[in-house]
Amino acid sequence: FPDIVAYRVNLAGYQCNFGNLLIELRKPTEALAWYGRAIATLEGVLKQVKTDVTAQQFLRNAHAGRATVFDHLKRSAEAATDWDKAVELTPEKERAGLRMGRAGSRVRAGQVDEALKEVDKLVAGADAESLYGAACVYALAAGTPKLSPDARREECARRAVALLQQAVANGYFNVAHAKQDSDFDSLRKREDFQQFMRDWEKKAKTPPAKP
C-alpha cells in the first residue's frame, strides 16, 4: 500500500533503526545504505504531504545517524552536510546537540573558524554533555594542521582542557569514555590534561563518604 503515508513513515523508521543497529554492530558501510533508504522514503513522503511531524523527526534522525557514520569513515564534509539537514529539521530549542556534532565535523573538514564560533555560542549555560562535546571540538581544533599559528593551537588546547574540567564539574562522569576518546588525542602528551585525567580517575574510584 505505497499510497498510505503512515505505512511509509513507519517503514522509514524501521530503516533508520536498522542503520542504528548496524552502527552498534560496527558495520558502518551497511548502516549508510539503510540511512539512505530511510532518507529516500521520507523525502518521498514529504513531497507528497508537505508536512508530517513524525516524518520530519524520522528524517532528522536519519540524517544525524548518517552524519555520525560519515564522521566515523572520515568523510567529514559529507557529515557536515547531513548535520546541516538535521539541524534544519529540528526546532530551534532542540538543536544544541546537533550543532555540536556539526561543529566537530566542520573541524575535521577544515572549517575550523566556523566550528569554533558555533561552539562558543553553545557553551553559555550548557549542560555537562554539551560541555564535553565542546571540549572535543576544541581538542580536534588543537590537533589540526590547518590551524595556525602554533599559539592558536595552544590556545585551543588550553580551552579544551578547561571545558573538560567544566563538564566534569557539571556532572559528566564517564572517565572511561574520555580516556579512549580519539577526539582528545591532541591533548594526550600535555601535562595539564594528564594531571586532570589522573585526578578525575582517582576521584571516580574513590567511594563516596558515608553520612
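About the criteria used
Residues numbered from 1 in each chain as written. Predicted model: local features only at pLDDT ≥ 70, side-chain atom pairs only at ≥ 80, totals over all residues. Heavy atoms only, no water. Helix = DSSP H or I, 4+ residues; strand = E, 2+ residues; numbered from the N terminus. Buried < 20%, exposed > 50% of the residue type's maximum accessible area, 1.4 Å probe, protein only. Contact = heavy atoms within 4.5 Å. Areas by Shrake-Rupley, 256 points an atom, 1.4 Å probe, with all protein chains shown as cover. Patch = residues over 30% accessible without salt bridge, like charges linked within 9 Å, V, L, I, M, F, W, Y side chains within 5 Å. Salt bridge = Lys/Arg side-chain N within 4 Å of Asp/Glu carboxyl O. Axes fitted to C-alpha atoms, helices over the stretch in contact; angles between N-to-C directions. Parallel < 35°, antiparallel > 145°, perpendicular 65-115°, else oblique. Left-handed = near helix turned anticlockwise from the far one by under 90°. Nonpolar A, V, L, I, M, F, W, Y, C, P; charged D, E, K, R; others polar. Polar contact = N/O pair within 3.5 Å; in protein donor to acceptor, adjacent residues only side chain to side chain. Core = buried A, V, L, I, M, F, W, Y, C linked by side-chain atoms within 4.5 Å.

Draft legend 1. Region of the structure containing the overall build of the protein chain. The helix and strand inventory of the protein chain stands at 10 helices and zero strands. Reading the secondary structure of the protein chain in the N-to-C direction produces α-α-α-α-α-α-α-α-α-α. When its C-alpha atoms are laid out on the principal axes, the protein chain stretches across 60 × 50 × 30 Å. Within the protein chain, the fraction of its 211 residues that count as buried is 44%. Restricting to contacts in the protein chain with at least 6 residues of sequence separation, those with at least 24 account for 56%. Surface accessibility of the protein chain: about 12,100 Å² in total, with carbon and sulfur atoms responsible for 52%.

Draft legend 2. Representation of a nonpolar patch on the surface in the model. Together, Phe 1, Ile 4 and Tyr 7 line one region of the surface with nonpolar side chains, adding up to about 370 Å² of accessible area. Tracing the chain through its elements places Phe 1 in the segment before helix 1 (5–24).

Draft legend 3. Summary view of the side chain of Arg 102. Turning to its location among the elements, Arg 102 is positioned in helix 5 (residues 96–108). Since its relative accessible area comes to 11%, Arg 102 is described here as buried.

Draft legend 4. Main features of the pattern of salt bridges. Under the criterion given, the structure shown has 19 salt bridges. In this structure, Asp 120 and Arg 159 form a salt bridge, with 4.0 Å as the shortest nitrogen-oxygen distance. Remark: Arg 159 occurs in helix 8 (residues 150–169) and Asp 120 occurs in helix 6 (residues 112–122); sequence separation between them is 39 residues. With a relative accessible area of 39%, Asp 120 lands in the partly exposed category. Under the relative-accessibility criterion, Arg 159 is labelled partly exposed at 30%. The salt bridge partner of Asp 185 is Arg 188, with a shortest N-O separation of 3.6 Å. Using a relative accessible area of 48% as the deciding quantity, one classes Asp 185 as partly exposed. Taken together, the shared-partner salt bridges in this structure form one network comprising Asp 84, Arg 99, Arg 102, Arg 106 and Glu 118.

Draft legend 5. Just the packing of helix 6 against helix 7 (residues 128–143), in detail. Axis separation between helix 6 and helix 7 bottoms out at 10 Å; the angle between their running directions is 155 degrees. With respect to their mutual orientation, helix 6 and helix 7 come out roughly antiparallel. The handedness of the crossing between helix 6 and helix 7 comes out as left-handed. Mapping the contact onto sequence places Val 112, Leu 116, Val 119 and Asp 120 in helix 6 and Ala 134, Val 137, Tyr 138 and Ala 141 in helix 7. Class assignment for the residues of the contact of helix 6 with helix 7 results in seven nonpolar, no polar and one charged.

Draft legend 6. Structural view of the side chain of Gln 15. Looking at the element boundaries, Gln 15 is found in helix 1. Its relative accessible area of 9% is what places Gln 15 among the buried residues. One polar contact links Gln 15 to Thr 41, side chain to side chain, over a distance of 3.0 Å.

Draft legend 7. Molecular detail of the nonpolar core. With 39 residues, the main nonpolar core has Val 119, Tyr 132, Leu 164, Phe 184, Leu 187, Met 197 and Trp 200 as its most contacted residues. When residues of this core are traced back to their parent elements, those giving at least two are helix 5, helix 6, helix 7, helix 8, helix 9 (175–180) and helix 10 (191–205). Among the elements that take part in this core, helix 7 stands out by supplying 12 residues, more than any other. With residues up to four places along the chain from it excluded, the contact list for Trp 200 reads Leu 164, Val 168, Tyr 172, Phe 173, Asn 174, Val 175 and Ala 178. Core analysis: the second largest hydrophobic core is formed by 25 residues, Leu 22, Ile 39, Leu 42 and Val 45 among them.

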